[in-house]
Amino acid sequence: MPLPSHLTPGIAIHALASRLRQLPPSCGPVRLIGVDGHAGSGKSTFAGQLATALGGAPVLHLDDIATHEELFAWTERLLREVIEPLTRGETAHYRPYDWRARHFGPTHALPPAPVVLVEGVGAGRRALRPHLARLLWMELPHEEAWTRGRTRDGEEQHAFWAGWVEAEHRHFAEDPSRPFADLLVRQGSEGYEVLPGPVGTTGPDQDLTHSDGPSAVC
C-alpha cells in the first residue's frame, strides 16, 4: 500500500507502522525494514519509536555488527548469521560487538517477527536491498548529521570520528543507499515527516550518493 505524498508530523510514524504491517514478507516470513542515513542523523531514535509503534518489533543495530576493523566489511557475516536464518523462518543468532572492550559479547537472538527493523549506516547497501520490504532514509545532510554525532560522543571519540567520516564517504561513494530509498524521513519539532523516496530527484547528499547507472546496483 503506497504512502500518501505527505503525512502530518507527529502522527506519521503511526501511519507508517500501520502500512509496514500490511506489506508482503520480504525475508522468509519477515518484513525487513531498513533505516539508513548518515551517522548522527537520528536513525536509532527513529527506529526505536517505530519499533514501539509496531508493538515492540525487534531492532537490529548495525553498530552491533560492525567492528573497529570492519566498519563496513561485515556484509557476509550479517547475511550468514542473520539474513539466512530469517529467510528460513528461523531465529537468528549473532554476537553484538562491544566498542569499548573491542570484542564480541554474548550471543543475542533475533526472532523472525512479522516486522524486523535493521538500522544503521549501510542498512540500504546493495547486498541487503533484495531482502528489504522497505528502505527508509533519514533525510539530514551529512555535515549536520556528523556534527550532531560528534557532539553526542564527546571529545574522547574525536579520533574515531575522523576515521569514520572518511570511511563513510568511501562507503556511500561505492555503495549508495539514498537513491534507492522508498521513503525519506525528516525529523521536525513535532515528530516525523515521511515523504516519497528520491527516485528521479536530487537531495542534499547527491554528491555522496550519485549513481551513474546500472553499475551502482551490480
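In this text the structure is predicted, and so the values were computed from the model without any measurement. (Residues numbered from 1 in each chain as written. Predicted model: local features only at pLDDT ≥ 70, side-chain atom pairs only at ≥ 80, totals over all residues. Heavy atoms only, no water.)

K.L.:
So what exactly am I meant to see when it comes to the confidence of the model for the chain here?
P.N.:
As a note on interpretation, predicted positions should not be read in detail where pLDDT is low. In the predicted model, the chain carries a mean pLDDT of 83, and the fraction of residues at 70 or more is 76%. Scored below 50 in pLDDT, residues 1-10 makes 27 contacts in the model with residues more than four places away or belonging to other chains. (pLDDT = per-residue confidence, 0-100. Contact = heavy atoms within 4.5 Å.)

K.L.:
Please clarify how the pattern of salt bridges should be interpreted in this entry.
P.N.:
Side chains that differ in charge, positive against negative, can pair when their charged atoms come close. Under the criterion given, the structure shown has six salt bridges. Here Arg-88 and Glu-90 are joined by a salt bridge, their closest N and O atoms 3.2 Å apart. (Salt bridge = Lys/Arg side-chain N within 4 Å of Asp/Glu carboxyl O.)

K.L.:
Where do I start with the packing of aromatic side chains in this structure?
P.N.:
What characterises a pair of aromatic rings is the spacing of the ring centres plus the angle enclosed by the ring planes. Here the structure, examined in full by the defined rule, presents four aromatic pairs. Aromatic side chains Phe-46 and Tyr-192 sit 4.8 Å apart centroid to centroid with 70° between the ring planes, which places their arrangement in the edge-to-face category. Of this pair, Phe-46 sits in helix H2 (residues 43-53) while Tyr-192 is found in strand S10 (residues 191-196), placing the two residues 146 residues apart along the sequence. What makes Tyr-192 buried here is its relative accessible area of 4%. Here Tyr-97 and Phe-104 contribute two aromatic rings whose centre-to-centre distance is 5.4 Å and whose plane-to-plane angle is 70°, an arrangement assigned as edge-to-face. With a relative accessible area of 29%, Phe-104 lands in the partly exposed category. The rings of Tyr-97, Trp-99 and Phe-104 are connected pair by pair, giving a single aromatic cluster. Arg-125 extends its terminal NZ or CZ atom over the ring of Trp-74, reaching a point 4.0 Å from the ring centre. Stacked on the ring of Phe-180, the Lys or Arg Arg-129 has its end atom at 3.8 Å from the ring centre. (Phe/Tyr/Trp six-rings, centres within 6.5 Å; stacked < 30°, edge-to-face > 60°. Helix = DSSP H or I, 4+ residues; strand = E, 2+ residues; numbered from the N terminus. Buried < 20%, exposed > 50% of the residue type's maximum accessible area, 1.4 Å probe, protein only. Lys NZ or Arg CZ within 6 Å of the ring centre and 35° of its normal.)

K.L.:
Is there a simple way to explain unusual backbone geometry in this structure?
P.N.:
Trans peptide bonds make up most of the peptide bonds, and negative phi angles are found at most residues other than glycine. With a phi close to 60°, Arg-102 is a non-glycine residue in the positive phi region. Its location among the elements puts Arg-102 in the loop between strand S4 (97-98) and strand S5 (103-104). Among the residues examined, Arg-102 registers a relative accessible area of 53% and is labelled exposed.

K.L.:
In this structure, what is going on with the nonpolar core? I would like to understand it.
P.N.:
Side chains that are nonpolar tend, in soluble globular proteins, to be buried together. The biggest cluster of nonpolar side chains holds 34 residues, and the ones touching the most others in it are Leu-32, Leu-60, Leu-78, Val-82, Ile-83 and Leu-110. Elements supplying a minimum of two residues to this core: helix H3 (75-87), strand S3 (92-94), strand S7 (115-119), strand S8 (134-138) and helix H5 (158-174). Element by element, the count of residues in this core is highest for H3, at five residues. (Core = buried A, V, L, I, M, F, W, Y, C linked by side-chain atoms within 4.5 Å.)

K.L.:
Honestly, the sheet that holds S10 in this entry has me stumped. Any pointers?
P.N.:
Two pairing modes exist for strands in a sheet, parallel and antiparallel, and in both the strands are linked by backbone hydrogen bonds. With respect to topology, six strands assemble into an open sheet ordered S2-S7-S1-S8-S9-S10, the strand pairing being mixed. Of all the strands in the sheet, the pair left with one neighbour each is strand S2 (59-61) and S10. Averaged over neighbouring strand pairs, the angle between their axes works out to 25° when direction is ignored. Relative to S10, strand S9 (residues 183-188) is paired through six bridges, and the arrangement is antiparallel. (Pairing = 2+ DSSP bridges. Axes fitted to C-alpha atoms, helices over the stretch in contact; angles between N-to-C directions.)

K.L.:
I would appreciate a short explanation of the environment of Pro-111 in the present structure.
P.N.:
Its location among the elements puts Pro-111 in the loop between strand S6 (108-110) and S7. Note on Pro-111: relative accessible area 37%, which makes it partly exposed. Each C-alpha atom, one on Pro-111 and one on Gly-89, is 8.5 Å from the other, the two residues being 22 residues apart in sequence. Apart from the residues lying within four places of it in its own chain, the contact partners of Pro-111 are Pro-58, Leu-86, Thr-91 and Val-116.

K.L.:
Explain helix H1 (residues 12-21) here, please?
P.N.:
Because an α-helix completes one turn every 3.6 residues, residues spaced three or four positions apart along the sequence face the same direction. Of the residues making up H1, those classed as buried are Ala-12, Ile-13, Ala-15, Leu-16, Ala-17 and Leu-20. Contacts made by the buried residues of H1 are with strand S1 (31-36), H2, S7, S8, S9 and S10.

K.L.:
When you look at the environment of Ala-73 in this model, what are you seeing that I'm missing?
P.N.:
Inspection of the secondary structure assignment puts Ala-73 in the loop between S2 and H3. The spatial distance from the C-alpha of Ala-73 to the C-alpha of His-171 is 9.8 Å, given a sequence separation of 98 residues.

K.L.:
Help me out: how do you make sense of the pairing of S1 in this one?
P.N.:
Note on strand geometry: in a regular strand, side chains alternate between the two faces of the sheet. Burial runs high along S1: six of the six residues are buried. The pairing of S1 with S7 spans five bridges and is parallel. Among the inter-strand pairings, Ile-33 is bridged to a residue of S7, identified as Leu-117. Here four bridges tie S1 to S8, and the two strands are oriented parallel to one another.

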